[in-house]
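# Geometric and topological summary
Chain residues, written in single-letter form:
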Amino acid sequence: MEANKKSNSTAGRELLVSRLLNAPRELVWEVWTNPEHIANWWGPEGFSNTINTMDVKPGGEWNLVMHGPDGTDYKNKSIFREVIEPERIVYEHVSAPKFLATITFTEKGKQTLLEWHMLFETAEQFEQVVKTFKADEGLKQNVEKLAKFLDQFYQAKHAL
């Protein structure tokens, strides 16, 4: 009984980052859902990506390989669970470490409030991912890279 209570609680299993981005929501959505764009900013500093599949629809697969700065390849597989354009994406990261990610895009005039929530299966898994892989810092770097990419992309789009 005690174990069920513990697993139903999200305490100690969540990571949340929010950021006000200087781009309209439709543009943020575009760079988040287009594999050609996401390959340019996904992951922590020093990482590059190969997007093999990115089918942004409920039940669609997202397969990518993150190439670490040390040459290590990290295969990632996720399944999109909910896609509400341009408001929300929910995907389940089915390769280890397993987690559920919910990303919301809230329009704030010509800006977008991005809220990125990750829920891990257990507090122990969360703890390991944060301590071993510094997932909290990695997520912040990921959002920072997105912000920089958006600034460059938005300026290039409006320079035409």
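The following paragraphs examine the structure supplied in this document.

## A closer look at the overall build of the chain
Of the regular secondary structure elements, the chain holds five helices and seven strands. Each helix and strand of the chain, ordered N terminal to C terminal, gives the series α-β-α-α-β-β-β-β-β-β-α-α. In terms of overall dimensions, the chain is globule-like: its C-alpha atoms have a radius of gyration of 16 Å, near the 15 Å expected for 160 residues. With the principal axes as the frame, the chain shows a C-alpha extent of 60 × 40 × 30 Å. Across the 160 residues of the chain, 40% fall into the buried class. Long-range contacts, defined as pairs at least 24 residues apart, comprise 46% of the intrachain contacts of the chain with a sequence gap of at least 6. Only carbon and sulfur atoms are counted for the fraction: they give 51% of the accessible area of the chain, which is about 8,900 Å². With 19 positive and 23 negative side-chain charges, the chain shows a spacing of 2 Å between the two charge centroids.

## Details of the packing of aromatic side chains
Scanning the entire structure with this criterion turns up 18 aromatic pairs. For the pair Trp 62 and Phe 80, a centre-to-centre distance of 5.8 Å together with 15° between the ring planes defines the contact as stacked. Of the two residues, Trp 62 sits in strand S3 (residues 61-67) while Phe 80 sits in strand S4 (residues 73-84), which places them 18 residues apart along the sequence. The residues Trp 62 and Phe 80 share a single accessibility class, namely buried. Here the aromatic rings of Phe 99 and Phe 120 are separated by 5.3 Å at their centres, their planes lie at 50°, and the arrangement is tilted. Separated by 21 residues along the polypeptide, Phe 99 in strand S6 (residues 99-108) and Phe 120 in strand S7 (residues 111-120) bring together distant segments of the chain. Neither Phe 99 nor Phe 120 differs from the other in exposure class; each is buried. Grouping aromatic residues by their ring pairs yields a cluster made of Trp 29, Trp 32, Trp 41, Trp 42, Trp 62, Phe 80, Tyr 91, Phe 99, Phe 105, Trp 116, Phe 120 and Phe 126.

## A short note on the pattern of salt bridges
Under the criterion given, the structure shown has six salt bridges. Between Glu 92 and Arg 81 there is a salt bridge whose closest N-O contact spans 2.8 Å. Of the two residues, Glu 92 is situated in strand S5 (residues 88-93) and Arg 81 in strand S4; the sequence distance between them amounts to 11 residues.

## Some details on the nonpolar core
By size, the foremost hydrophobic cluster in this structure holds 39 residues, and its most contacted members are Trp 32, Trp 41, Trp 42, Trp 62, Tyr 91, Leu 114 and Trp 116. If you tally residues by element for this core, the top one is helix H5 (residues 135-158), at eight residues. Not counting residues up to four positions away in its chain, the partners in contact with Trp 62 are Trp 32, Ile 38, Trp 42, Ile 51, Thr 53, Met 54, Asn 76, Lys 77, Ser 78, Phe 80 and Tyr 91.

## Some details on the environment of Phe 99
Note on Phe 99: relative accessible area 10%, which makes it buried. Spatially, the C-alpha atoms of Phe 99 and Phe 120 are 4.3 Å apart, while their sequence positions differ by 21 residues. Discounting residues that sit within four places of it in the chain, Phe 99 has contacts with Tyr 91, Glu 92, His 93, Met 118, Leu 119 and Phe 120.

## Structural notes on the pairing of S7
Across eight bridges, strand S1 (residues 14-21) lies against S7 in antiparallel orientation. When the sheet's bridge partners are listed, Ser 18 is paired in S7 with Glu 115. Bridge analysis of S6 against S7 gives 10 bridges, and the strand direction is antiparallel. When the bridges of S7 are listed, Lys 108 appears paired with Gln 111.

Cut-offs applied
Residues numbered from 1 in each chain as written. Predicted model: local features only at pLDDT ≥ 70, side-chain atom pairs only at ≥ 80, totals over all residues. Heavy atoms only, no water. Helix = DSSP H or I, 4+ residues; strand = E, 2+ residues; numbered from the N terminus. Rg over C-alpha atoms; globule rule 2.2 N^0.38 Å. Buried < 20%, exposed > 50% of the residue type's maximum accessible area, 1.4 Å probe, protein only. Contact = heavy atoms within 4.5 Å. Areas by Shrake-Rupley, 256 points an atom, 1.4 Å probe, with all protein chains shown as cover. Lys, Arg positive; Asp, Glu negative; His and termini not counted. Charge placed at Lys NZ, Arg CZ, Asp CG, Glu CD. Phe/Tyr/Trp six-rings, centres within 6.5 Å; stacked < 30°, edge-to-face > 60°. Salt bridge = Lys/Arg side-chain N within 4 Å of Asp/Glu carboxyl O. Core = buried A, V, L, I, M, F, W, Y, C linked by side-chain atoms within 4.5 Å. Pairing = 2+ DSSP bridges.

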